[in-house]
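# Report on the structure
The primary structure of each chain is shown beneath.
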Amino acid sequence: MTTELTAPHPAAPAVAGHRWRWIALAVILTAEVMDLLDVLVTNLAGPAIRADLGGSPSVIQWLGAGYTLAMAVGLVTGGRLGDLYGRRRMFLVGVLGFTAASAACALAGSPGTLIAARVAQGLLGALLLPQGLGLIKEMFPPEQLAAAFGAFGPVMGISAVGGPILAGWLVDADLAGTGWRAIFLINVPLGLLAALGAARFLPASRPGHATRLDLPGVALLSTAVFLLVHPLVQGRELGWPAWSFAMLAGAVVVLAVFARYEQRRQRAGRDPLVVPALFRRRAFTGGLVAGLAFFTALAGFSLVFSLYLQLGLGWSPLRAGLAGVPQALGMVAAFVLAGAGLAQRLGRRLIHLGLAVVLAGVAGMLLTLTLAGADVTPWRMTPALLAVGFGMGLVMAPFFDIVLSGVEEAETGSASGTLTAVQQLGGALGVALLGTVFFDGLTDSVSHAVRVTLLAELGLLLVTVAGAFLLPRRAREGAGGGH
């Protein structure tokens, strides 16, 4: 799921208004909904998928991490492909490819095949999503841009609330014997509808500015994140062999090589994947640290909460999906409140306020589960979940705009794309890191596993608190888009 709506690359000057712009916006929102649903569904359906296809517990982690890792490395170049070859063309390639990958997920007969199809989904989603943001800036006149971006909030909110419920119902209903496969099959009609709408209603205009792709940089970054995440997922199951630590060390080495390569590329007058000067800016580096820790915590909480309800308490996927509704509602309420002017008035203080609320919510969840044990009910968890969701929404609403206020105008495109990729990388690390902590704790008991994981969650949130002090006090006027 991407939440930052600033276009990663300069858009063409706004036209008077594309004739079919509002219908085209609905097409773009359909693609966004497909992405959001596919981020959420495997957390909920993971136990059912593993029960059907087999495999170790790490299969559940790879279903989420494979998707978000592929999207993280793909998003950095996805927008540039639209600049080079046309946004409508790349949107069509992305949505048709994503639809085909979804069908491949539904037809998978083994864990390896399903994970490979999830990686393909992530790569094609990374091609698809940036085109929509650029197209909106092309299609709408300046006075309508705020309304166009404002449509994302309600649609994403409805999807966040209804997505897990729909996924849980589909798994439980076992329509025509499809079981968990229905959560991917639902993308097929949605994707075909979006493709038809794109071919008919999206403008075929092409931006005047295009930068060349940094393919060696993409390869180095992809290698580094794989070396980081793979041992975190697989190391526990294999007893942490020496190669797992060697891979983690190798990730640091490859990142250093990547940084040196990007510097040389920029000095040679070519476009780097990430502008090296960004890392000399306190606000940006602080934003990376805070963002990585926060999105790791967010994704990890979602996965572990779902696993605890299904594996620990024996709840059905539908009941687990319904139990998570208070968190989604809290997040939606926070976005509405922040959008009503709170973000502008409080600036960075809103991020710290949100983090305090999340910390209280996670601590409340830890206390609730410790006291209630196996007798816990959805109603007993509701206050803590509302606090977690509300606090997370308060953090996310101003985060990107405030971080981007700490960089130069000319660096905004690179900084925006990098932050969005870090958001996805945090999602992968959350599944890998907190998922591993949870499964490691299962050797004792499920209740012990969830308590240890929530303590790790608190640690990540404290890192976010510290990193947030490096951010600018408030967003620059007009620095970014909505959320």
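Residues numbered from 1 in each chain as written. Predicted model: local features only at pLDDT ≥ 70, side-chain atom pairs only at ≥ 80, totals over all residues. Heavy atoms only, no water.

## Things to note about the overall build of the protein chain
Heads up, the rule is: In this text, helices come from DSSP runs of H or I with a minimum length of four residues, and strands from runs of E with a minimum of two, each type numbered from the N-terminal end. Radius of gyration: C-alpha atoms only; globule rule: 2.2 Å multiplied by the number of residues to the exponent 0.38. Here the term buried applies to any residue with accessible area under 20% of the maximum for its type, exposed to any over 50%, and partly exposed to those in between, with areas from a 1.4 Å probe on protein chains only. By definition in these notes, contact holds between two residues if any of their heavy atoms fall within 4.5 Å. Shrake-Rupley sampling with a 1.4 Å probe provides the accessible areas, and residues are treated as covered by the protein chains on show and by no other component. Just so you know, the count uses Lys and Arg for positive and Asp and Glu for negative, and it drops His and the chain ends. The location of each charge is read from NZ of Lys, CZ of Arg, CG of Asp or CD of Glu.
Of the regular secondary structure elements, the protein chain holds 17 helices and zero strands. For the protein chain, whose C-alpha radius of gyration is 21 Å, the value lies close to the compact-globule estimate of 23 Å for 483 residues. Each principal axis of the C-alpha distribution contributes one length, and for the protein chain these read about 60 × 50 × 45 Å. Within the protein chain, the fraction of its 483 residues that count as buried is 58%. When contacts within the protein chain are restricted to residue pairs at least 6 apart in sequence, those whose partners lie at least 24 apart make up 84%. Carbon and sulfur atoms make up 67% of the accessible area of the protein chain, which totals about 18,300 Å². Of the charged side chains in the protein chain, 31 are positive and 23 negative, and the gap between their average positions amounts to 7 Å.

## Things to note about a nonpolar patch on the surface
Here is the rule we go by: Each patch groups residues whose relative accessible area exceeds 30% and which form no salt bridge, using 9 Å between like charges and 5 Å between nonpolar side chains of Val, Leu, Ile, Met, Phe, Trp and Tyr. Between Lys or Arg on one side and Asp or Glu on the other, a salt bridge is scored when a side-chain nitrogen of the former is within 4 Å of a carboxyl oxygen of the latter.
There is a patch of nonpolar side chains on the surface, built from Leu166, Trp169 and Leu175 and spanning about 260 Å² of accessible area. Within the secondary structure, leucine 175 is located in the loop between α6 (152-173) and α7 (182-185). A relative accessible area of 38% means that leucine 175 is categorised as partly exposed.

## Observations concerning the nonpolar core
Note the threshold: Note on terminology: a nonpolar core comprises buried Ala, Val, Leu, Ile, Met, Phe, Trp, Tyr and Cys residues joined through side-chain atoms within 4.5 Å.
Counting 100 residues, the largest nonpolar core has Leu114, Phe294 and Met381 as the members making the most contacts within it. Top contributing element to this core by residue count: helix α11 (residues 282-312), with 14 residues. The residues contacting methionine 381, other than those within four sequence positions of it, are Phe305, Leu309, Trp315, Met365, Thr368, Leu369 and Val376.

## Describing the environment of leucine 196
Within the secondary structure, leucine 196 is located in helix α8 (residues 187-201). With relative accessibility at 63%, the residue leucine 196 sits in the exposed group. Sequence-wise, leucine 196 and leucine 96 are 100 residues apart; in three dimensions their C-alpha atoms are separated by 9.9 Å.

## Comments concerning helix α15 (residues 378-404)
Selection rule: A helix is expected to reach a length of 1.5 Å times the quantity of its residues less one.
Its 27 residues give α15 an end-to-end C-alpha distance of 39 Å, which sits within 8% of 39 Å, the value for a rise of 1.5 Å per residue. Counting buried positions along α15 yields 21 of 27 residues, so the element is predominantly enclosed.

## Section: the packing of aromatic side chains
Our working definition: Only centres within 6.5 Å qualify two rings of Phe, Tyr or Trp (six-membered ring in Trp) as a pair; their planes then separate them into stacked at under 30 degrees, edge-to-face at over 60, and tilted for everything else. Put simply, a charge is over a ring when the Lys NZ or the Arg CZ is close to the ring centre, within 6 Å, and near the line of the ring normal, within 35 degrees.
Counted by the stated rule, this structure contains 11 aromatic pairs. Note on tryptophan 22 and phenylalanine 140: the rings are 4.8 Å apart at their centroids and 75° apart in plane angle, and the pair reads as edge-to-face. You can see tryptophan 22 sitting in helix α1 (residues 21-53) and its partner phenylalanine 140 sitting in the loop between α4 (111-139) and α5 (142-150), a full 118 residues away along the chain. With relative accessibility at 44%, the residue tryptophan 22 sits in the partly exposed group. Residue classification places phenylalanine 140 among the buried residues on the basis of a relative accessible area of 0%. A ring pair is formed by phenylalanine 295 and phenylalanine 399, whose centres lie 6.3 Å apart and whose planes are at 85°; its orientation type is edge-to-face. Linking phenylalanine 295 in helix α11 with phenylalanine 399 in helix α15, this pair joins segments that are 104 residues apart in sequence. Above the ring of tryptophan 315, the side-chain terminus of arginine 319 is found at 3.9 Å from the ring centroid.

## Looking at the pattern of salt bridges
One pass over the full model with this rule turns up four salt bridges. For the salt bridge of glutamate 237 with arginine 236, the shortest nitrogen-to-oxygen distance reads 3.7 Å. Residue class for glutamate 237 comes out partly exposed when judged on its relative accessible area of 27%. The exposure class of arginine 236 is buried, given its relative accessible area of 17%.

## A word on the confidence of the model for the protein chain
Spelled out, the test is: pLDDT runs from 0 to 100 and stands for how confident the predictor is about each residue.
Here the protein chain shows a mean pLDDT of 84. Residues at 70 or above account for 91%. Per-element confidence in the protein chain ranges from a low mean pLDDT of 73 for α5 to a high of 93 for helix α3 (residues 87-107). A low-confidence stretch, residues 4-15 (pLDDT under 50), is modelled with 48 contacts involving residues beyond four sequence positions or located in other chains. Counted against residues more than four places away or in other chains, residues 478-483, with its pLDDT under 50, gives 20 contacts.

## Structural notes on a positive patch on the surface
On the surface, Arg282, Arg349, Arg473 and Arg474 cluster together into a patch of positive charge. Locating arginine 474 in the fold gives a position in the segment after α17 (446-468).

## A closer look at the environment of leucine 135
Secondary-structure assignment places leucine 135 in helix α4. Remark: the alpha-carbon pair of leucine 135 and arginine 21, spanning 114 residues in sequence, is separated by 9.4 Å. Discounting residues that sit within four places of it in the chain, leucine 135 has contacts with Ile28, Arg87, Leu202 and Pro203.

## Observations regarding unusual backbone geometry
One non-glycine residue, alanine 176, lies in positive phi territory at about 50°. Along the chain, alanine 176 falls in the loop between α6 and α7. Owing to a relative accessible area of 83%, alanine 176 belongs among the exposed residues under this scheme. Positive phi, close to 50°, is recorded for tryptophan 240, a residue that is not glycine. By the secondary structure assignment, tryptophan 240 is in the loop between α9 (215-234) and α10 (242-267). With relative accessibility at 33%, the residue tryptophan 240 sits in the partly exposed group.

## As for the side chain of aspartate 38
This is how the line gets drawn: The term polar contact refers here to a pair of N or O atoms within 3.5 Å; inside protein, the definition further demands a hydrogen-donor-capable atom paired with an acceptor-capable atom, and it admits residues adjacent in sequence only when both atoms are side-chain atoms.
Among the secondary structure elements, aspartate 38 is positioned in helix α1. Look at aspartate 38 and you get buried, because its relative accessible area is 1%. Within the local environment of aspartate 38, its side chain forms a polar contact with the side chain of glutamine 121, the two groups lying 2.8 Å apart.

## Observations concerning the packing of helix α2 (residues 58-85) against α3
Defined as follows: Note on method: axes are straight lines fitted to C-alpha atoms, helices fitted across the in-contact stretch only, with angles between N-to-C directions ranging 0 to 180 degrees. Relative orientations are named as follows: roughly parallel for angles under 35 degrees, roughly antiparallel for angles over 145 degrees, roughly perpendicular for angles from 65 to 115 degrees, and oblique for any other angle.
Orientation of α2 relative to α3, taken along the N-to-C sense of each, is 150°, at an axis distance of 8 Å. Taken together, the axes of α2 and α3 lie roughly antiparallel to each other. Note on element contacts: α3 touches α2 through Arg87, Arg89, Met90 and Phe98, opposite Tyr67, Leu81, Gly82, Asp83 and Tyr85.

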